[in-house]
Structures are given as C-alpha cells and as structure tokens.
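Chain and residue survey
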Amino acid sequence: MLRRLLASTAAVIFLVTAGWVTTRIDSPAPDAASRHAGHAYTFTKAQQAAIVAQAAAPLRGSEFRADCFSSHRQGDDPIVFPGQAGRSHIHEFYGNRTANAASTLQSLASGTTNCTPKTDLSSYWTPTLYQNGAPVAPERVTVYYQGITDHTRAVAHPRGLRYVVGNALATSPDQNPAARWSCVGRPESSREFINCPPGTKLENYLDFPTCWDGKNLDSANHRDHMTYAAGQTCPASHPVVVPRLELLITWPVNGGGLTLAGTRNGANVTNAPGYTFHGDFFNAWDDGELKRRVANCINAGYICGTDGNPIQQ
C-alpha cells in the first residue's frame, strides 16, 4: 500500500532499546499558569530512533480501522486541561461529538460518534490546520489500529486509556519524529509542511506508541505510561503490547500558507509551524467490540475493514 511506501521512505530503521520512566497520574499536577510548558516533550535519542523504526516497520498483515470525520472545533483539551473550557489552543476533534474539556469515559460512552463503526465512541483530536489564516476541516480521518509489534501478544487498549503524542512546542523538525506530512499519491514526506502541487491534497501521518505499562490509564505528562517498541520488543517497564494507532488525516488543500493552532511563549496562536503537529486519544470503544477486533484481526494476522471482519489475508 502507498502508506507503507511513504513510511519506508520517511525513515531508516534503528535497532535500539527505548524506555520511559513510568509516572503515576497521582503525581502533583503543574500549576495552571505554567501548564502550557507541559505541551513540550523532549524525546531521547533512543525514543526518536524507536519512533523512526516504527514508522518504517512493514505492516504485518494485521489491522483494522475506523473512518471518522471532524466533529467540531474548539479550544479544549480533555486530557491536558481537563475541566478548563477554552484553556487550550484550537483543536479539531474527530469521532465523538460530545468531546469537550469536561469529557470523561462516562460522558463519551453516553455520546454519539461520526466514526464508522459506531462502536468506536473514542475521541481523537489534533491542532486545527489553517491556510492563509482560515481554519480548514479535514476531508477525512482514517484511524488505523495495526499489529506491528509482536501482534500475537497484543491486547485491546483498556477503556479510559488516554495519551498524547508529539511535541507541540518543538522548535525544529528533528524534535518531533511522531508526525510526517505528505501529499496524496506522492512518496515524499517531511516533518515540516509540504507545498502540495495542484491536483493533490495535503495529508499527515501521526504514529502512536505500542507499549503500555499495564497499570496507568494516564500519567502526569500524559505520555510516560506508554512507549514505543524497539523492533518487536516492548521494554520491561511497558510490557503490554497494544495495537499501534496511526492517524491518516487528509485535508482538501494544496499549496502554501499553512500553519497550525498551537502555543508560543505561553499564549495560544494560530501560526505554529508544521513540525509542532501532535495528537490525543481518549479510548471509549465498546470494550467487547474492540477486543473482538484485536483477536480476529490483530492477533489472527488479518487486515480487516471497519466492520472488524477480514478483507484479505
């Protein structure tokens, strides 16, 4: 598939050991006045190499997906700024129509979704894209759940699991290896915006980690309970294998004038560069349906459609 080619041309495989120290969610939260600083994240060289290796790893013939659309746009972040409406920069929310700053697992589970399948009540969100200062809604969002790390051992994400990927305060492309930009139908990719030619469209691949610590549904920085595998191996600190989420987001735009919503010097802005792209996941899948898909698609080694049934071997 083309997206495999894009991943391969974007990365060189490194065989390294990656591991993050687990931080429990009951650790003291930073003061609200300084919490924009929490959007920054410095990846170690081992972590960067593991992310690049994961992006380049061939798909193992096991995945399922949800097809979603932008549900709404607002300055909320239920993970980073829970209960603080309007505290965040502008995000584009996908899937669950009820997602806002006050969202909990219970509220999401009681909501509705524009994803297919309807059993995926999760919320996914990323910075809003702007072209020449005007916000642009994605044309479509495909959420892939992929078996790229020891797929026979993968388990379903637990309900209520939530985490953030990317470095929203990156000051250069090399500080944010989790996201890459490309143009539909073309092999080139970059961590900074690409000026797509007429007749094509802008897209972004955002890769999430595949190893969970098996204990925490969140952590103080919303990252430390998850990590990226080195090859097929999850570190001892994060021994539980989960499917990789990969967001493939397509916008109906080409050309230049592109910026992102973000934060700079503690203030919300709409002119952040492309290499600050990041994303959030709040799992509210129907538990039985998610487990069925992991067993029938990921563990069994099949590529499945949105119905969770194999479409090819």
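The coordinates are above.
The rules behind each value
- Residues numbered from 1 in each chain as written.
- Predicted model: local features only at pLDDT ≥ 70, side-chain atom pairs only at ≥ 80, totals over all residues.
- Heavy atoms only, no water.
- Core = buried A, V, L, I, M, F, W, Y, C linked by side-chain atoms within 4.5 Å.
- Buried < 20%, exposed > 50% of the residue type's maximum accessible area, 1.4 Å probe, protein only.
- Contact = heavy atoms within 4.5 Å.
- Salt bridge = Lys/Arg side-chain N within 4 Å of Asp/Glu carboxyl O.
- Helix = DSSP H or I, 4+ residues; strand = E, 2+ residues; numbered from the N terminus.
- Pairing = 2+ DSSP bridges.
- Axes fitted to C-alpha atoms, helices over the stretch in contact; angles between N-to-C directions.

Here we come to the nonpolar core. Ranked by internal contacts, the top residues of the largest apolar core, which has 55 residues, are Phe64, Tyr124, Leu129, Val143 and Trp251. Discounting residues that sit within four places of it in the chain, tyrosine 124 has contacts with Cys68, Glu92, Phe93, Tyr94, Val143, Tyr145, Leu245, Leu247, Asp280, Phe281 and Trp285. Phe93, Ala99, Trp125 and Phe282 belong to the second largest nonpolar core, which has 12 residues in total.

For side chains bearing opposite charge, pairing can occur when the charged atoms are close. Within this structure, the stated rule accounts for 14 salt bridges. Across the pair arginine 180 and aspartate 207 runs a salt bridge, and its minimum N-O distance is 2.6 Å. Taken together, the residues arginine 180 in strand S9 (residues 179-183) and aspartate 207 in strand S11 (residues 202-207) connect sequence positions 27 residues apart. Looking at arginine 180, the relative accessible area reads 6%, which means it is buried. With a closest N to O distance of 3.7 Å, aspartate 207 and arginine 244 form a salt bridge. Of this pair, aspartate 207 sits in strand S11 while arginine 244 sits in strand S15 (residues 244-251), placing them 37 residues apart in sequence. Overall, aspartate 207 belongs to the buried group, its relative accessible area being 1%. By relative accessible area, arginine 244 is classed as buried at 2%. Among the charged side chains, a salt-bridge network with shared partners connects Arg180, Asp207, Arg244 and Glu246.

Taken in spatial order, the 4 strands of this open sheet run S6-S5-S16-S17, and their pairing is antiparallel. Of all the strands in the sheet, just strand S6 (134-136) and strand S17 (267-272) have a single pairing partner and so form its edges. The average undirected angle you get between the axes of adjacent strands in this sheet is 40°. Here strand S5 (residues 129-131) runs beside S6; their pairing, made up of 3 bridges, is antiparallel. Following the sheet pairing, tyrosine 130 is matched in S6 by proline 135.

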